[in-house]
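Fold and contact review
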Amino acid sequence: MILDSKLPEGPLAEKWDKHKFDVKLVNPANKRKYDIIVVGTGLAGASAAASFGELGYNVKAFCFQDSPRRAHSIAAQGGINAAKNYQNDGDSVFRLFYDTIKGGDYRAREANVYRLAQVSVNIIDQCVAQGVPFAREYGGLLANRSFGGAQVSRTFYARGQTGQQLLLGAYSALNRQIAYGKVKMYPRTEMLDLVLVDGKARGIVVRNLITGKIESHSAHAVVLATGGYGNVFYLSTNAMGSNATAAWRAHKKGALFANPCFTQIHPTCIPVSGDYQSKLTLMSESLRNDGRVWVPKTVEIAERLRRGEITVNDIAEADRDYYLERKYPAFGNLVPRDVASRNAKLVCDEGRGVGASGLAVYLDFADAIKRDGQAAIAAKYGNLFEMYAKITDENPYERPMRIYPAVHYTMGGLWVDYNLMTNVPGLYAAGEANFSDHGANRLGASALMQGLADGYFVLPYTIGDYLAKTPYDKVPVDHPAFKEAEQNVISVNNKLLSINGNRTVDDFHKALGQIMWEYCGMARNAEGLQFAKQEIRKLRDEFWRDVKVVGVNEELNITLEKANRVADFLELGELMVDDALNRNESCGGHFREEYQTPENEALRDDENYAYVAAWEFTGVGNEPRLHKEDLKFENVKLTQRSYK
Amino acid sequence: MAGSNPNAKPMDLTLKVWRQKDKNATGQMVTYPIKGISPDMSFLEMLDVLNEDLLRKGEDPVAFDHDCREGICGMCSLFINGRPHGPERGTTTCQLHMRHFKDGDTITIEPWRAAAFPVHKDLVVDRSAFDRIQQAGGYVSVNTGGVPDANAIPIPKSIADKAFDAATCIGCGACVAACKNASAMLFVSAKVSQLAMLPQGKTERKTRVENMVAQMDIEGFGACTNTGACAAECPVGISLENINMLRSEFIYAKATSENM
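Note that the coordinates shown come from a computational prediction; the quantities given were computed from them, not determined experimentally.

In this section: the overall build of chain B. Assigned secondary structure in chain B consists of 9 helices and 7 strands. The principal-axis extents of the C-alpha atoms in chain B amount to approximately 60 × 45 × 35 Å. Counting all 260 residues of chain B, 53% fall into the buried class. Taking as baseline every contact in chain B between residues at least 6 positions apart, the subset at least 24 positions apart corresponds to 72%.

Here the focus is the overall build of chain A. Per the secondary structure count, chain A includes 18 helices and 21 strands. Here chain A has a C-alpha radius of gyration of 24 Å; the compact-globule value for 644 residues is 26 Å, and the two agree. Dimensions of chain A, computed from the C-alpha atoms along their principal axes, are close to 75 × 60 × 50 Å. When the 644 residues of chain A are sorted by exposure, 61% land in the buried category. Across chain A, contacts joining residues at least 24 apart in sequence account for 75% of those joining residues at least 6 apart.

All names here are of chain B. Spatially, the 5 strands line up as an open sheet ordered 2-1-5-3-4, and their pairing is mixed. Strands at the two margins of the open sheet, each flanked by one partner only, are strand 2 (28–37) and strand 4 (83–84). Alignment of strand 1 (residues 11–19) against strand 5 (residues 106–110), held across 4 bridges, turns out to be parallel. In the strand pairing of strand 5, K16 is matched with T108. Packed onto the sheet, helix 1 (residues 43–56) meets strand 1 and strand 2 and runs at close to 100 degrees relative to strand 2.

Looking now at the pairing of strand 5 of chain B. The pairing of strand 3 (residues 79–80) of chain B with strand 5 of chain B spans 2 bridges and is antiparallel. Pairing of I80 of chain B across the sheet is with I109 of chain B, part of strand 5 of chain B.

This paragraph deals with the interface of chain A and chain B. Across the contact, 68 residues belong to chain A and 73 residues belong to chain B. Those elements that place two or more of their residues in the side of chain A that touches chain B are helix 3 (43–55), helix 5 (110–130), helix 6 (162–180), helix 12 (374–392), helix 13 (447–467) and helix 17 (558–582) of chain A. With 9 residues, helix 6 of chain A is the single largest residue contributor to the side of chain A that touches chain B. Of the residues contributing to the side of chain A that touches chain B, the split by class is 27 nonpolar, 25 polar and 16 charged.

Residue and element names in this part refer to chain A. On domain assignment, one finds that chain A holds domain 1 (12–78 + 164–265 + 409–467), domain 2 (267–407) and domain 3 (480–611). Centre-to-centre, using C-alpha coordinates, domain 1 lies 36 Å away from domain 2. Contact with domain 1, which involves 14 residues of that partner, is made by 19 residues of domain 2. Here the side of domain 1 that touches domain 2 is composed, by residue class, of 5 nonpolar, 9 polar and no charged.

Here the phi dihedral of D105 of chain A falls at roughly 55 degrees; this positive angle occurs in a residue that is not glycine. As for its placement among the helices and strands, D105 of chain A is situated in the loop between helix 4 (93–103) and helix 5. Taking the number of C-beta atoms within 10 Å as the measure of exposure, D105 of chain A has 26 and is therefore buried. Its identity is not glycine, yet A182 of chain B carries a phi of approximately 50 degrees, on the positive side.

In this structure, K213 of chain A sits in the loop between strand 7 (200–208) and strand 8 (214–218). It is 29 Å that separates the C-alpha atoms of K213 of chain A and F257 of chain A, two residues lying 44 residues apart in sequence.

The next point concerns the domain arrangement of chain B. Residues and elements named next belong to chain B. When the domains of chain B are assigned, the result is domain 1 (11–120) and domain 2 (127–255). Taking only C-alpha atoms into account, the centre of domain 1 sits 29 Å from that of domain 2. Facing the 18 residues of domain 1 at the interface are 17 residues of domain 2. The residue makeup of the side of domain 1 that touches domain 2, split by class, is 9 nonpolar, 7 polar and 2 charged.

To continue, consider the UniProt feature "domain: FAD-dependent oxidoreductase 2 FAD-binding" (unreviewed entry) in chain A. According to UniProt, the positions carrying the feature "domain: FAD-dependent oxidoreductase 2 FAD-binding" (unreviewed entry) are residues 35–448 of chain A. For residues 35–448 of chain A, helix accounts for 30% and strand for 19%, while the C-alpha atoms at its two ends are 26 Å apart.

Quick look at the packing of helix 15 (residues 505–520) of chain A against helix 16 (residues 526–546) of chain A now. Residues and elements named next belong to chain A. Running from N to C, helix 15 and helix 16 cross one another at 170 degrees; their axes reach a closest spacing of 9 Å. Regarding the angle of helix 15 to helix 16, the classification is roughly antiparallel. Taking contact as the criterion, the partners of F508, A511, L512, I515, Y519 and C520 in helix 15 are, on helix 16, G528, L529, F531, A532, E535, I536, L539 and F543. Looking at the contact of helix 15 with helix 16 residue by residue, the classes come out as 12 nonpolar, 1 polar and 1 charged.

Moving on: the sheet that holds strand 11 (residues 263–269) of chain A. Residue and element names in this part refer to chain A. Across the sheet, which stays open at both edges, the 5 strands sit in the order 11-15-14-12-13 with antiparallel pairing between neighbours. Looking at which strands have only one partner, the edges of the open sheet turn out to be strand 11 and strand 13 (320–321). The pairing of strand 11 with strand 15 (residues 401–410) spans 5 bridges and is classified as antiparallel. Residue C269 lies in a different strand from strand 15, and its bridge partner there is Y404.

Another aspect to go through is the packing of helix 5 (residues 185–197) of chain B against helix 9 (residues 241–255) of chain B. Residue and element names in this part refer to chain B. Packing of helix 5 against helix 9 brings their axes to within 8 Å, and their N-to-C directions diverge by 70 degrees. By the angle between their axes, helix 5 is roughly perpendicular relative to helix 9. On the side of helix 5, the interface is formed by M185, L186, V188, S189, A190, V192, S193 and A196, while helix 9 contributes N242, I243, M245, L246 and E249.

Residues and elements named next belong to chain B. Relative to the helices and strands, Y32 resides in strand 2. On the neighbour-count criterion, Y32 (16 C-beta atoms within 10 Å) is partly exposed. It is 20 Å that separates the C-alpha atoms of Y32 and L96, two residues lying 64 residues apart in sequence. What Y32 contacts, discounting residues up to four positions off in sequence, is L15, V17 and L50.

With that settled, consider the nonpolar core. Of all hydrophobic cores here, the largest spans 293 residues; its most connected members are I36, V223, L224, L414 and Y428 of chain A together with V176 of chain B. Those residues within four positions of I36 of chain A in sequence are excluded, and the remaining contacts are F52, Y57, V59, A219, H220, A221, V223 and I463 of chain A.

All names here are of chain B. When you line up the elements, T227 lands in the loop between helix 7 (205–218) and helix 8 (229–233). Residue T227 is classed as partly exposed on the basis of its C-beta count, with 13 C-beta atoms lying within 10 Å. Each C-alpha atom of the pair T227 and C68 lies 31 Å from the other, and the pair is 159 residues apart in sequence.

Time to look at the confidence of the model for chain B. A low pLDDT score tells you not to read the predicted coordinates there in detail. Of all residues in chain B, 96% attain a pLDDT of 70 or more, and the chain-wide mean is 95. With a pTM of 0.97, the predicted complex shows an ipTM of 0.97.

Here is what the cut-offs are and how they apply
Think of each chain on its own: its residues are numbered from 1, step by step along the sequence as written. Written order determines the labels here, with chains lettered from A and ligands numbered from 1. Restriction of local features to residues with pLDDT of at least 70 applies here, the model being predicted, together with a cutoff of 80 or more for giving and counting side-chain atom pairs; totals for whole chains, interfaces and linings are based on all residues. Runs of H or I in DSSP of at least four residues are treated as helices and runs of E of at least two as strands, each being numbered from the N terminus. Exposure is read from a count of other C-beta atoms within 10 Å of each residue's own; the residue is exposed at 12 or fewer, buried at 20 or more and partly exposed in between. C-beta atoms are placed from the backbone. The contact criterion used is a C-beta to C-beta distance within 7 Å, with each C-beta placed from the backbone. All radius of gyration figures rest on C-alpha atoms, and the globule criterion is 2.2 Å times the number of residues raised to 0.38. When DSSP finds two or more bridges between two strands, those strands count as paired. Here, axes are lines fitted to C-alpha atoms. For helices the fit covers the stretch in contact, and angles between N-to-C directions go from 0 to 180 degrees. In this classification, the charged set is Asp, Glu, Lys and Arg, the nonpolar set is Ala, Val, Leu, Ile, Met, Phe, Trp, Tyr, Cys and Pro, and all remaining amino acids, among them Gly, are polar. Domain limits in this description derive from either an automatic procedure or a database domain assignment. UniProt positions are given in the numbering used here, feature names are shortened, and annotations may be inferred rather than shown by experiment. We call two directions roughly parallel when the angle between them is under 35 degrees, roughly antiparallel when it is over 145, roughly perpendicular when it lies between 65 and 115, and oblique otherwise. What makes a nonpolar core is a set of buried Ala, Val, Leu, Ile, Met, Phe, Trp, Tyr and Cys residues, with links drawn between C-beta atoms within 7 Å. The score called pLDDT rates the predictor's confidence residue by residue, from a low of 0 to a high of 100.

Quick look at the structure:
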């Protein structure tokens, strides 16, 4: 299989415009002859479904939640980047492109990232026109703040609830198309298989989560906007329901899965407090604009603190190590996420961590409060401080927050070409579900940008190019390919329901999460990864022998829903390990202990690993087949990333 | 590290939980004793513990809606000891922690009760009526592309901030559950106010309020009698001012109707 990324010819800055002219168009009257399925209604899915509806296509949209407004994009806090240069501080499309490529540690495609930077400015215009209440200055114009990995202020925000406001904007556009009858919405419906006819994506099989009914839906193209796979780790900042099932089952039908080992561990999350913990809560990266990260200078002080002999306020200024400011004076507390996370792990591994477990560092606002006053800090971050106080029962205005890294985002995902189409004709992937724009590490405030770029401004052009070459004929859902996929879904469900073992689904999920976090988390090495691969296989075998799923298919069955998702995580986890083992270098969120500089920074190997690793499924338990897409850098020079 | 309070002792509790097999079944309260609950657990983590116990015994776990568990998606609900989202003000159930309860407490847990929110199963209700109200007009009719530059229309900060406050509604339905009439006025007013305040929403302000209110009535929500219970129980602090604004918008729209 040869991976053709279909990058347009010509200079970087002209590729997208040229491509938009070159793509085939579907005449307005013919658009109504095409059906498009969109799975997932987060920023990417809702914006795509709404935009397709506006263009005149017939859209069916699906989400597993009770309403499209619940998708986990809603929880994004800090902001959305755009190269507007409203601050006159030297921003430009090229600078956003450059920061994103560099932030991704040179493992993303130049052309995709440049396009992302170009359309970023349209996103802000679109959202404002929808009535999204972004933060504004007293003069009435839009406000900006800065985020990690950038030296300009290009982040637009709505207090600490930017994702909510952007998603509700996309949801409102979606609602308008639902009202017009151009989008048919299927909430509480989960995709369980992809249907191919003559090698092309022609539909999906879903389960109605209320009645359990297995149903087929046919279309001319299928878009997966189903988010990332961070919940492989069990504990993450993802929502409880976030899962990889749609993407994974598409992978099992032939779609390649790219760079699965590229996972982002976010540096500022509330630390784990007990075994019962069900999820981790993020504290927005924007807090690093004003918060200073530190730990005690010596192990001895840290130990006394952990034993409760002293409190944080007893530690003299001279005994505090503001390690990010010390090591990275140019970016200070605003280094990118992978760098901040790795350094937190480093100081905790040295024994200088705080909190009873020693797995936390301080994020301290005392200086900012002294400088700007409590009211100013509350205006910027009030809801985050409140959330912190609710969870920990501590007042962050009086004592520094305790934070620790947690799994947050997955840069890997389904392989897509420049048109966001997977290698399966007619199957597209958008937002976090694809691998395309963030390389080995995503910068803050770039996920919202990418989700909306894909849905509002990329897919509406590129999907037309494919449909224009597709006959109008519809495939009936009684086609053998649909019946076979339905049978497959039913038999997996029956199997899960019939095992009646001794261990619960959550039990397996937690065990998988522990393996992944320990051996495929913030730091990895070959020996650990090989061990993890065997452990995952054992756990997966045990799952299919001993899992306990009660009830029947024909009802609202929360255990069955989870069992399907965890079954897929148990396969995906192994692929992540395979990918991490294959990549004998460190880059971005992928840190292989064998490959580091003397200063413990990631040591890339551009000669041998400047490629996208796209994996082909060859059967459960079989070794996956690797396909490489070489990355060519013609506009930026590959250097060791430095934030010093 | 047992969070902030290493000395907090585990609690034993009695849960009285509404169990209902499906929407046509008759439901009932079922009592479950539960032991060893850490005060640092969230309320939903406590229910996770209950469900793991039930599963191990081969019993059907309690179905409840939840997703983000950080107070923003609006999916969690639960009527806890007679109050939507439980005893702590300004807090969703997922952000409610067990430290607000005492060892030996009995806790009743019911679904939202409203004719417009029928029960699917146990504590899971159907809130699709909210989506249909939004579909009736909760948007600005702009297509993707072809919009002016984001800074073309300055908006005073005070207006933008007020619009934001209204826009933070998470659509959980606590306002309806809190209201003796099961009125959805606070929910509807949040969106109407947000868009009526912003210049982008003004073009359609009259048709929007008329259509959204009409849909609210079709869905079977009750009338608003100004008790203010909705705002008192709203987990994100949506203010009653929005209901005032909805009323004046509605009267103005009716008096000068553009709805053909």
